[in-house]
Amino acid sequence: MKTILFDLDGTLIDSTDAILESFGVAYETFGRQAPEDEQIKKLIGHPLDLMFTMLGINALEANDYVAAYKEHYRLISRKKTTLLPLALEAIKHASKIATLGVVTTKTARYSEELLEHLGVMHHFKVLIGRESVTHPKPHPEPIQKALLALNADPAHTWMIGDTPMDLICAKEAGVHGIGVLCGYSTQYDLEQHTNFIVHDALDAVKMVASHS
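Here's what I pulled together on the structure shown here. (Residues numbered from 1 in each chain as written. Predicted model: local features only at pLDDT ≥ 70, side-chain atom pairs only at ≥ 80, totals over all residues. Heavy atoms only, no water.)

## A short note on the packing of aromatic side chains
Where two aromatic rings form a pair, the distance of their centres and the angle of their planes describe that pair.
Link 1 in the chain: According to the stated counting rule, one finds ten aromatic pairs in the structure shown.
Link 2 in the chain: Between the aromatic rings of F23 and Y69, the centroid separation amounts to 5.2 Å while the plane-to-plane angle is 75°, which identifies the pairing as edge-to-face. Of this pair, F23 sits in helix α1 (residues 16–29) while Y69 sits in helix α4 (residues 62–76), and the two are 46 residues apart along the sequence. Across this residue pair, the class does not change: F23 and Y69 are buried.
Link 3 in the chain: Measuring from centroid to centroid gives 6.5 Å for F52 and Y69, while their planes differ by 85°, and the two rings are edge-to-face. Placement of F52 in helix α3 (residues 48–54) and of Y69 in helix α4 is noted, with a sequence separation of 17 residues between them. Neither F52 nor Y69 differs from the other in exposure class; each is buried.
Link 4 in the chain: Among the aromatic residues, those joined into a cluster by ring pairs are F23, Y27, F30, F52, Y65, Y69 and Y73. (Phe/Tyr/Trp six-rings, centres within 6.5 Å; stacked < 30°, edge-to-face > 60°. Helix = DSSP H or I, 4+ residues; strand = E, 2+ residues; numbered from the N terminus. Buried < 20%, exposed > 50% of the residue type's maximum accessible area, 1.4 Å probe, protein only.)

Now the structure itself:
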């Protein structure tokens, strides 16, 4: 049996508006000017604390910003998050050919709530989020935990994601990685880490289905 692991943001869901708004609130909370949207979008997929430090916030303050972010994100995430085009079809098709899991740097609890709200959580047998691991992507631990939970064979497991972190994580964990162009990274960035690059999650699932 095949196993397919999906990233969330930029792979299955679009929560860009919720993310940007929550960053704005976090900066506003501490009386600072938020970075440009494009600067934030380039970092989506990294853990929140790392995003804030990469945007210039002192590491000692980063957790306070994360807390302010999460407090707002929790309030608006359902209203401001949608499935990406063809994501529902991708999930349904995948569930017929594989066991499914989610591997994300988002908070697992919020991710489960979001996927319940979007009506697709029942398709996934495991969800590994930021608090599920010590080392988030690109470290292999998140995928290793998913493999363990599903008793899955790495040789028959695929990770579908939109950032180099997803693909590095896949490579380090010994599973196949497929990059999708419907998210936050360029084709050039993804090409450094995999030979499998397609437009979206449905194309990725079709690619998995065609592999014996």
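## Quick notes on the packing of α1 against α4
Link 1 in the chain: Taken N-terminus to C-terminus, the directions of α1 and α4 make an angle of 135°; their axes are 8 Å apart at the nearest point. Taken as axis vectors, α1 and α4 run oblique relative to one another. Every pair of crossing elements has a handedness; the one defined by α1 and α4 is right-handed. For the pair formed by α1 and α4, the contact residues are A18, I19, E21, S22, F23, V25, A26, Y27 and T29 on the first element and Y65, A68, Y69, H72, Y73 and I76 on the second.
Link 2 in the chain: Class assignment for the residues of the contact of α1 with α4 results in eleven nonpolar, three polar and one charged. (Axes fitted to C-alpha atoms, helices over the stretch in contact; angles between N-to-C directions. Parallel < 35°, antiparallel > 145°, perpendicular 65-115°, else oblique. Left-handed = near helix turned anticlockwise from the far one by under 90°. Contact = heavy atoms within 4.5 Å. Nonpolar A, V, L, I, M, F, W, Y, C, P; charged D, E, K, R; others polar.)

## Concerning the environment of F6
Link 1 in the chain: If you trace the backbone, F6 turns up in strand β1 (residues 2–6).
Link 2 in the chain: Ignoring sequence-local partners within four residues, the contact set of F6 consists of T11, L12, A94, L100, G101, V102, V103, F124, M159, I160, A201 and V205.

## Focus on the sheet that holds strand β5 (residues 126–128)
Link 1 in the chain: On the basis of which strands lie adjacent, the open sheet formed by six strands has the order β5-β4-β1-β6-β7-β8 and parallel pairing. Each edge of the open sheet is held by one strand with a lone partner, namely β5 and β8 (197–198).
Link 2 in the chain: Sheet topology note: the β1/strand β4 (residues 98–103) ladder contains five bridges and is parallel. Counterpart to L5 in the pairing with β4 is G101.
Link 3 in the chain: Across the sheet, helix α7 (residues 141–150) lies against β1, β4, β5 and β6 (157–161), angled at about 160° from β5, the strand it touches most. (Pairing = 2+ DSSP bridges.)

## Re α1
Link 1 in the chain: Relative to the 20 Å expected for 14 residues at 1.5 Å per residue, α1 spans 20 Å between its end C-alpha atoms, a close match to the ideal helical length.
Link 2 in the chain: Residues of α1 that are buried in the fold lie against β2 (13–14), α2 (37–41), α3 and α4.
Link 3 in the chain: Looking one or two places after α1, you find G31, whose phi comes out positive at around 70°. (Expected span 1.5 Å × (residues − 1).)

## Things to note about the pairing of β1
Link 1 in the chain: The buried fraction of β1 is high, at five of five residues.
Link 2 in the chain: Neither face of β1 is left uncovered, since the one carrying K2, I4 and F6 and the one carrying T3 and L5 both have all their residues buried.
Link 3 in the chain: Pairing of β1 with β6, which is carried by four bridges, proceeds in the parallel orientation. What sits directly across from L5, in β6, is M159.

## Observations regarding the environment of A90
Link 1 in the chain: Mapped onto the elements, A90 comes out in helix α5 (residues 87–97).
Link 2 in the chain: You can call A90 buried: its relative accessible area is 0%.
Link 3 in the chain: In this view, A90 contacts A201, L202 and V205; residues no more than four positions away in its chain are not counted.

## Here's the deal with α7
Link 1 in the chain: All of the buried residues along α7 are E141, P142, I143, A146, L147 and L150.
Link 2 in the chain: Among the structural elements, β1, β4, β5, β6 and α8 (164–173) are those in contact with the buried residues of α7.
Link 3 in the chain: Where α7 terminates, the next one or two residues include N151, which has phi positive at roughly 50°.

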